[in-house]
Every structure is written in C-alpha cells, then in structure tokens.
Amino acid sequence: MPAALLTTLTLTLASPAQTPAPANLKVLHVAAAADLQPVLPALAEAYQRATGVRIISSFGSSATLTQQITNGDPQDVFLSADMAHPKLLADSKLTDGAPVSYATGSLVLWARTDSPAQPLSLDSLSSSRVVHVAVANDSHAPYGLAATQALHSLGLIDKLKPKLVIGENIAQTAQLAESGNAQVALISLTIANSAHFRALGSFVPIPSSAYQPLHQGAVVIAASPQKQLAHDFLRWLTSPEVQQKLPQFGLQPAS
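In this text the structure is predicted, and so the values were computed from the model without any measurement.

## A word on the overall build of the chain
Counting its secondary structure elements, the chain contains 11 helices and 10 strands. Computed over C-alpha atoms, the radius of gyration of the chain comes to 18 Å, within 12% of the 18 Å expected from 2.2 N^0.38 for 255 residues, which places it in the range of a compact globule. Across its three principal directions, the C-alpha atoms of the chain cover 60 × 40 × 30 Å. Per-residue burial for the chain yields a buried fraction of 49% across its 255 residues. For the chain, restricting intrachain contacts to residue pairs at least 6 apart in sequence, the fraction spanning at least 24 positions comes to 78%. Entry remark: accessible area of the chain is about 11000 Å², with carbon and sulfur atoms responsible for 56%. Taken as two groups, the 14 positive and 15 negative side-chain charges of the chain have centres that lie 3 Å from each other.

Following this line, the structure appears as structure tokens:
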C-alpha cells in the first residue's frame, strides 16, 4: 500500500492527544490469518495511536492458528480468513462470545511482470507457458478453499491439477509466484494490492461468483486475561470509521 494511505488512515483514526506515555502501554496478542500480513500492521499502528494499546501479531493459516489456540497458545484475539474456524473455537467453548464478521475478502490471480503468463488474464491459467500454478492448501487456508472452488467453477480443475503447487497459507502461496517457482498464483487481494506485490507484478480478479464469499471472522479467546481490551479492539475494527477504510487494503466491509 502506498505510504500516503497508511498516513491517511493513521491521521484519520487517531490524534496525538490520545497517545499515552509508553509506561502505560497495554498489549494485545492477535493471531491473524496470513492474508492480513499487509493489512494488520497499519491497523495496529492506528489503533495504538488512538488508544495506547499495542497489537502484537502472529500470522498463519486459519486452520493452523485454530489448532494452536486449541492447544493453549496464549492469544487474546483471533482474526480468521473465514467464519468457520472461529465457529469451531466457539463450539469448543474456547471463545468469549460468538464470532463476528470484520471484513469480506477477494480472490485474485497474480503474476510477476516477467512471468510467461503475461499479459495476465484468466486465460493465462490455460496457457502452455504456465507450468506451475500456486494455490494455498484448501484444508488449512480459506483462500485455498476459494481457489479450489474457483478452479472447479471455471472448469479448469482437472487440467490444472498436475500444475498445482501448494502453499501452507496464502502468504507462502504468494511467495511461490514471487520467487518464480510458479508462474501465477491464486492469492488474496490484500496481498496482491500491497505496494510490494504491485511493484513486482499485476493481478486480475477472479469472478466472485466462482467461489463462496470470504466472510472473515473474529473472536475473543476465552483464556485471554484481557477480554475487555480484546472486545474493545473488535468494536473498533468493526466500527463504521474503520470499515470504510478497508477497501484501501484490499478488503470489503463486513456483510
């Protein structure tokens, strides 16, 4: 994302008068789906400036983070790339309250500028010049499941199965195409829209009708010693002021 957008978000959502002294700094631990790697740092900076609460983030696939939390990983908030994994935790009585939707994601096709898939279009998936197509593990990553659904919907799954290379999460999937180990990748708009990936390549959207909506869900962890702070953060994240900023990051407001 361009630096100007980060500055705009920070200045719009915070004011210096609200920033407490460092000695008063409180910390929230947030386990976040990998599609949020380009997004959460800017949001966390804005939140700290607005409230004095520091966000410490850890990223991974939604399934992996769910398993870690189930095994006792000390997190305060879980931001998933779907609603299903927060619901699994809620059903296991590991959350403080029901999951809430905080954003809607989008799937895109991305390739480096020097990829043989260029000029990029959905037809690039069928090109003989494309030897490897990177997708995320559809058992672990909601964007991987969306990619599988899209390839089925587009009638390409059988043709592309021999070409698929699998990333553990959507960030690793993007790295496969970034490194040249795949000529194209089906990744989140959040990653493709970041300044880094825009500088390296281009993307085209996958029709939203080709996969089930990526409603991204959040939940407060029951074992958190700071449940009130955690709920405050989710209220901020789902507030109209923050929701209207999400398209800057490649997300749509929660629906």
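## Concerning unusual backbone geometry
The peptide bond linking glutamine 118 to proline 119 adopts the cis configuration, its omega dihedral lying at 0°. At lysine 93, a position not held by glycine, the phi torsion is positive, near 60°. Looking at the element boundaries, lysine 93 is found in the loop between α4 (84-91) and β4 (100-105).

## Digging into the environment of threonine 64
Within the secondary structure, threonine 64 is located in helix α3 (residues 62-70). By relative accessible area, which is 27% here, threonine 64 ends up partly exposed. Here the alpha-carbon distance between threonine 64 and serine 139, two residues 75 residues apart in the chain, equals 9.9 Å. If we ignore the near neighbours within four places in the chain, the residues touching threonine 64 are His140 and Glu168. Of the polar contacts made by the side chain of threonine 64, one reaches the side chain of serine 61; its length is 2.7 Å.

## Describing the layout of surface pockets
In this structure, the largest pocket spans a volume of roughly 180 Å³. Lining the largest pocket are 16 residues, and of these Asp82, Pro142, Leu145, Gln212 and Leu214 sit closest to its centre. Listed by contribution, the elements that provide at least two residues to the lining of the largest pocket are α4, α5 (142-153) and β10 (214-220). Per element, the largest residue contribution to the lining of the largest pocket is 4 residues, and it comes from α5. Residue classes in the lining of the largest pocket are distributed as 8 nonpolar, 6 polar and 2 charged.

## Section: the packing of aromatic side chains
Aromatic ring pairs are reported here in terms of the distance separating the ring centres and the angle at which the planes meet. Taken as a whole, this structure holds 4 aromatic pairs when the rule is applied. When the centroid spacing of 6.0 Å and the interplanar angle of 25° are considered together, the rings of phenylalanine 233 and tryptophan 236 count as stacked. Residue phenylalanine 233 and its partner tryptophan 236 are located together in helix α10 (residues 227-237), separated by 3 residues, close to a single helical turn. The same class applies to phenylalanine 233 as to tryptophan 236, namely buried. Taken together, Tyr47, Phe233 and Trp236 form an aromatic cluster joined through their ring pairs.

## A closer look at the sheet that holds strand β7 (residues 164-167)
A sheet is described by the order of its strands in space; here 5 strands give the open sequence β7-β6-β8-β5-β9, paired in mixed fashion. Among the strands making up the open sheet, the edge pair consists of β7 and β9 (201-205). In this sheet, neighbouring strand axes are inclined to one another by 30° on average, regardless of whether the strands run parallel or antiparallel. Against the sheet, α5 makes contact with β5 (107-112), β6 (133-136), β7 and β8 (184-188), and its axis sits at roughly 90° relative to β5, the strand it touches most. Docked against the sheet, helix α7 (residues 170-178) engages β5, β6, β7 and β8, running at close to 150° with respect to β8.

What counts, and at which threshold
Residues numbered from 1 in each chain as written. Predicted model: local features only at pLDDT ≥ 70, side-chain atom pairs only at ≥ 80, totals over all residues. Heavy atoms only, no water. Helix = DSSP H or I, 4+ residues; strand = E, 2+ residues; numbered from the N terminus. Rg over C-alpha atoms; globule rule 2.2 N^0.38 Å. Buried < 20%, exposed > 50% of the residue type's maximum accessible area, 1.4 Å probe, protein only. Contact = heavy atoms within 4.5 Å. Areas by Shrake-Rupley, 256 points an atom, 1.4 Å probe, with all protein chains shown as cover. Lys, Arg positive; Asp, Glu negative; His and termini not counted. Charge placed at Lys NZ, Arg CZ, Asp CG, Glu CD. Polar contact = N/O pair within 3.5 Å; in protein donor to acceptor, adjacent residues only side chain to side chain. 1 Å grid on protein atoms, 1.4 Å probe; cavity = no way out; pocket = protein on both sides within 12 Å on 5 of 7 lines; lining within 4 Å. Points joined across faces, edges and corners; volume = space filled by probe spheres on them. Nonpolar A, V, L, I, M, F, W, Y, C, P; charged D, E, K, R; others polar. Phe/Tyr/Trp six-rings, centres within 6.5 Å; stacked < 30°, edge-to-face > 60°. Pairing = 2+ DSSP bridges. Axes fitted to C-alpha atoms, helices over the stretch in contact; angles between N-to-C directions.

Coordinates in, geometry out; function isn't part of it.
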